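Fold and geometry: a report
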Amino acid sequence: MLSFKALLSEQLEKNEQLSHLDHPYQMHVLYGKNGAESAIRDLKATHEYFKTGKSNRVYASRKVDGGVSVIMKNHPTFGFSVSTKSAFNVNPKINYTEEDIEKNHGHAKGLASALKHVLKHGKDLVKPGHSVQGDLLYTNDAKTTDDHVTTTPNRIEYKHSGKPKKFGIALHTEYEGNSAKSGVSSSAINHSRNVFVADTSFEPKSSHYEEKHQNTSEKHLAAAEGILKKHPEHFDISKEHKEHLLTYMNSLRSESGHIVPPTHESYKEHLKRIMEKRQASVKTEKSKAEKGAAFKNMMDEVDRDKAKFKSIFDFHDHVNKVTEALATTLHHNKPSNFTTHIDGAPSTDEGIVVADKKTRNIRFKIVPNRIASALRYNPRFPKNTTASQ
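Residues numbered from 1 in each chain as written. Predicted model: local features only at pLDDT ≥ 70, side-chain atom pairs only at ≥ 80, totals over all residues. Heavy atoms only, no water.

1. Focus on the overall build of the protein
Counting its regular elements, the protein contains ten helices and 15 strands. Seen along its three principal axes, the alpha-carbon backbone of the protein occupies a region of about 60 × 60 × 50 Å. Taking contacts inside the protein between residues at least 6 apart in sequence as the whole, the part at least 24 apart equals 70%. For the protein, the computed accessible surface area is about 18400 Å², with 51% contributed by carbon and sulfur atoms. Once the 60 positive and 47 negative side-chain charges of the protein are each reduced to a mean point, those two points are 2 Å apart. (Helix = DSSP H or I, 4+ residues; strand = E, 2+ residues; numbered from the N terminus. Contact = heavy atoms within 4.5 Å. Areas by Shrake-Rupley, 256 points an atom, 1.4 Å probe, with all protein chains shown as cover. Lys, Arg positive; Asp, Glu negative; His and termini not counted. Charge placed at Lys NZ, Arg CZ, Asp CG, Glu CD.)

Structural data, given as structure tokens:
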């Protein structure tokens, strides 16, 4: 029989989607033709769900911009443990005691302190035999008054109503056997006087999805599907281009949230900048020449296969417009126990997570462009401006 540590390690390795959620407009780059088909199919289902207010083959939950992601398990034999995403490691770091936390995370004092706090106060939240995952909102470092807590784990400021608890968390995942499922059922957690659990429910109504945004979604879904049907072969993207297309498309987002349309020339300029950085990172002329040749081959491919890259760029543009139209429903669907601000101004929360209703597997996340830009251009973390949001 596998030990609990081995079981948890195995289930996490099988559910790598928990470490990063895809945007729909990335899926054709990440997964080729199958990814494009999946994005269109699930966006259509989401569009119908939001249009009618009736769940079909997908359902939605609220994405909350928290801090470190923690996994809490209350094993009936091994006891309560807390882990970070380092539980995904080949040698997983799982903490049953404060000594475990010091051993595994003592080099990061703030993280170690937060994990000890969760280990001490989180046990009564998770029912025996259950494992859940969520993003920490605060521990003992938040601004508090008698009736609310204000915390800014990343860029979005959250004001949580009610008396301050020992810590706050946005739960988003439940483990069933070796499977990770989107959302956390009431059978997995208790009401805890020590823990604030953010409202991550998202129940769209037809009135939330304005007709003009419905029309936008239908127009661009049809256009994206037309590209895929006409040129499915254009979605066979090389490994080398996948890496750079993802960073290029992310770079098109301005600080204000505006998306610059992708073009052949600007993509080649992006490749050239990366080439120059990588050439500067090596010392010998031979290494510089090798890196230059590799990138020149990619830029030549963009020139040779202009039709292919136009399909890739246009598909991205159409799908991004669909997700932005769907994201407008956040303005009408507010959480019950917190409000959100960015730089003092009211904002929506981070976004929406869409999952398959039957399997509870996550399909993608929908993040408004303005929110994605605010996270990408976070002045608290200036080096994050090249990260994918």
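After that view of the structure, there is still more to cover.
2. Looking at the sheet that holds strand 15 (residues 362-366)
Taken in spatial order, the three strands make up an open sheet running 1-14-15, and their pairing is antiparallel. Looking at strand neighbours, the two that pair on one side only are strand 1 (58-63) and strand 15, the edges of this open sheet. Adjacent strand axes in the sheet meet at a mean angle of 25°, parallel and antiparallel pairs treated alike. Judged from the six bridges that link them, strand 1 and strand 14 (residues 351-356) form a sheet pairing that is antiparallel. If you follow Ser 61 over to strand 14, its bridge partner there is Val 353. (Pairing = 2+ DSSP bridges. Axes fitted to C-alpha atoms, helices over the stretch in contact; angles between N-to-C directions.)

3. Quick look at the packing of helix 5 (residues 211-230) against helix 9 (residues 306-327)
Where helix 5 contacts helix 9, the axes come no closer than 8 Å and their chain directions differ by 155°. Taken together, the axis directions place helix 5 and helix 9 in an arrangement best described as roughly antiparallel. In the packing of helix 5 onto helix 9, the handedness of the crossing is left-handed. Across from His 213, Thr 216, Ser 217, His 220, Leu 221, Ala 223, Ala 224, Ile 227 and Leu 228 in helix 5, the residues of helix 9 making contact are Ser 311, Asp 314, Phe 315, His 318, Val 319, Lys 321, Val 322, Ala 325 and Leu 326. In terms of residue class, the contact of helix 5 with helix 9 is made up of ten nonpolar, six polar and two charged. (Parallel < 35°, antiparallel > 145°, perpendicular 65-115°, else oblique. Left-handed = near helix turned anticlockwise from the far one by under 90°. Nonpolar A, V, L, I, M, F, W, Y, C, P; charged D, E, K, R; others polar.)

4. A short note on the sheet that holds strand 8 (residues 157-161)
Spatially, 6-7-8-12-13 is the arrangement adopted by the five strands of the open sheet, whose pairing is antiparallel. The open sheet terminates on both sides in strands that have one partner only, identified here as strand 6 (143-144) and strand 13 (345-346). As paired elements, strand 12 (residues 338-342) and strand 13 share two bridges and run antiparallel to each other. Pairing of His 341 across the sheet is with Pro 346, part of strand 13.

5. Considerations on the environment of Gly 344
On the secondary structure map, Gly 344 appears in the loop between strand 12 and strand 13. When its relative accessible area of 64% is taken as the criterion, Gly 344 is described as exposed. On a C-alpha basis, the gap between Gly 344 and Asn 378 in space is 14 Å, while along the polypeptide they are 34 residues apart. (Buried < 20%, exposed > 50% of the residue type's maximum accessible area, 1.4 Å probe, protein only.)

6. Section: the packing of aromatic side chains
Taken as a whole and assessed by the stated rule, the structure comprises ten aromatic pairs. Taken together, a centroid distance of 6.2 Å and an interplanar angle of 90° make the contact between Phe 50 and Tyr 209 edge-to-face. Here Phe 50 is found in helix 2 (residues 27-52), whereas its partner Tyr 209 is found in the loop between strand 11 (195-197) and helix 5, with 159 residues between them in sequence. Judged by its relative accessible area of 1%, Tyr 209 falls in the buried class. A ring pair is formed by Tyr 267 and Phe 313, whose centres lie 6.0 Å apart and whose planes are at 75°; its orientation type is edge-to-face. (Phe/Tyr/Trp six-rings, centres within 6.5 Å; stacked < 30°, edge-to-face > 60°.)

7. A look at the side chain of Arg 360
Residue position: Arg 360 is located in the loop between strand 14 and strand 15. Residue classification places Arg 360 among the buried residues on the basis of a relative accessible area of 18%. In this structure the side chain of Arg 360 is engaged in a polar contact, spanning 2.9 Å, whose partner is the side chain of Glu 176. If we skip the residues at most four places from it in the chain, Arg 360 touches Tyr 59, Glu 174, Glu 176, Ala 180, Lys 181, Ser 182, Gly 183, Val 184, Ser 185 and Ala 355. (Polar contact = N/O pair within 3.5 Å; in protein donor to acceptor, adjacent residues only side chain to side chain.)

8. Things to note about helix 9
Given 3.6 residues to a turn, an α-helix orients residues that are three or four positions apart in the same direction. Compared with an ideal rise of 1.5 Å per residue, which puts 22 residues at 32 Å, helix 9 spans 31 Å between its outermost C-alpha atoms and is within 8% of the ideal. A large share of helix 9 lies buried, amounting to 16 of its 22 residues. (Expected span 1.5 Å × (residues − 1).)

9. Some details on the packing of helix 6 (residues 239-251) against helix 8 (residues 285-304)
The contact between helix 6 and helix 8 brings their axes to 11 Å, and the two run at 80°. It follows that helix 6 is roughly perpendicular to helix 8 by the angle criterion. Here Glu 240, His 241 and His 244 of helix 6 lie close against helix 8, whose contacting residues are Phe 295, Met 298, Glu 301 and Val 302. Each residue belonging to the contact of helix 6 with helix 8 can be placed in one class, and the counts come to three nonpolar, two polar and two charged.

10. What to know about helix 3 (residues 98-105)
Buried within helix 3 we find Ile 101, Asn 104 and His 105. Buried residues in helix 3, looked at end-on, bunch into an arc of 80°, giving them a common side. Set apart from the buried face of helix 3 by more than 90 degrees, the exposed residues are Glu 99 and Lys 103. Packed against the buried residues of helix 3 are strand 3 (79-83), strand 4 (94-95) and helix 4 (109-121). (Arc of directions from axis to C-beta.)

11. Quick notes on unusual backbone geometry
Backbone geometry places Asp 343, a non-glycine residue, at a positive phi of 55°. Topologically, Asp 343 is positioned in the loop between strand 12 and strand 13. The phi dihedral of Arg 360 is positive, around 65°, even though this residue is not glycine.

12. Quick look at the nonpolar core
Judged by nonpolar contacts, the single largest core of 28 residues is most densely connected at Leu 43, Phe 50, Phe 315, Leu 326, Ile 352 and Ile 366. If you list the elements that add at least two residues to this core, you get helix 2, strand 1, helix 5, helix 9, strand 14 and strand 15. Looking at this core, the element that brings in the most residues is helix 2, giving eight residues. Grouped together as the second largest cluster of nonpolar side chains are 20 residues, Phe 80, Leu 119, Leu 125 and Ile 169 included. (Core = buried A, V, L, I, M, F, W, Y, C linked by side-chain atoms within 4.5 Å.)

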